[in-house]
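Residue-level structure breakdown
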Amino acid sequence: MRSAQDPAEAARRARFGRLPERIRLEDTVEERAATAPDPARGVYDEDEWLVRYCL
């Protein structure tokens, strides 16, 4: 086994020698509404049935 490290190996160990910090699951999830709410939804139109069924 080698006792002396070459500079490239020392640089690799300094950069990649340990695992990265753990990331919590709560930090990986983003919650957003799937669609923007439609302001016209739920507005009552008394003639809507005429358009839907008679035309």
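Residues numbered from 1 in each chain as written. Predicted model: local features only at pLDDT ≥ 70, side-chain atom pairs only at ≥ 80, totals over all residues. Heavy atoms only, no water.

1. So, the pattern of salt bridges
Enumeration according to the criterion identifies five salt bridges in this entry. The shortest N-O distance in the salt bridge between Glu9 and Arg13 comes to 3.7 Å. With Glu9 and Arg13 both in helix H1 (residues 7–16) and four residues apart, the pair spans about one turn of that helix. Of the residues examined, Arg13 reaches a relative accessible area of 53% and is grouped as exposed. Between Arg24 and Asp27 there is a salt bridge, with the nearest N and O atoms lying 3.3 Å from each other. Asp27 shares its class with Arg24; the two are exposed. (Salt bridge = Lys/Arg side-chain N within 4 Å of Asp/Glu carboxyl O. Helix = DSSP H or I, 4+ residues; strand = E, 2+ residues; numbered from the N terminus. Buried < 20%, exposed > 50% of the residue type's maximum accessible area, 1.4 Å probe, protein only.)

2. Some details on a nonpolar patch on the surface
Taken together, Trp49, Leu50, Val51 and Tyr53 make up a surface patch of nonpolar side chains, about 460 Å² in accessible area. Relative accessible area serves as the criterion here: at 65%, Tyr53 is assigned to the exposed category. (Patch = residues over 30% accessible without salt bridge, like charges linked within 9 Å, V, L, I, M, F, W, Y side chains within 5 Å. Areas by Shrake-Rupley, 256 points an atom, 1.4 Å probe, with all protein chains shown as cover.)

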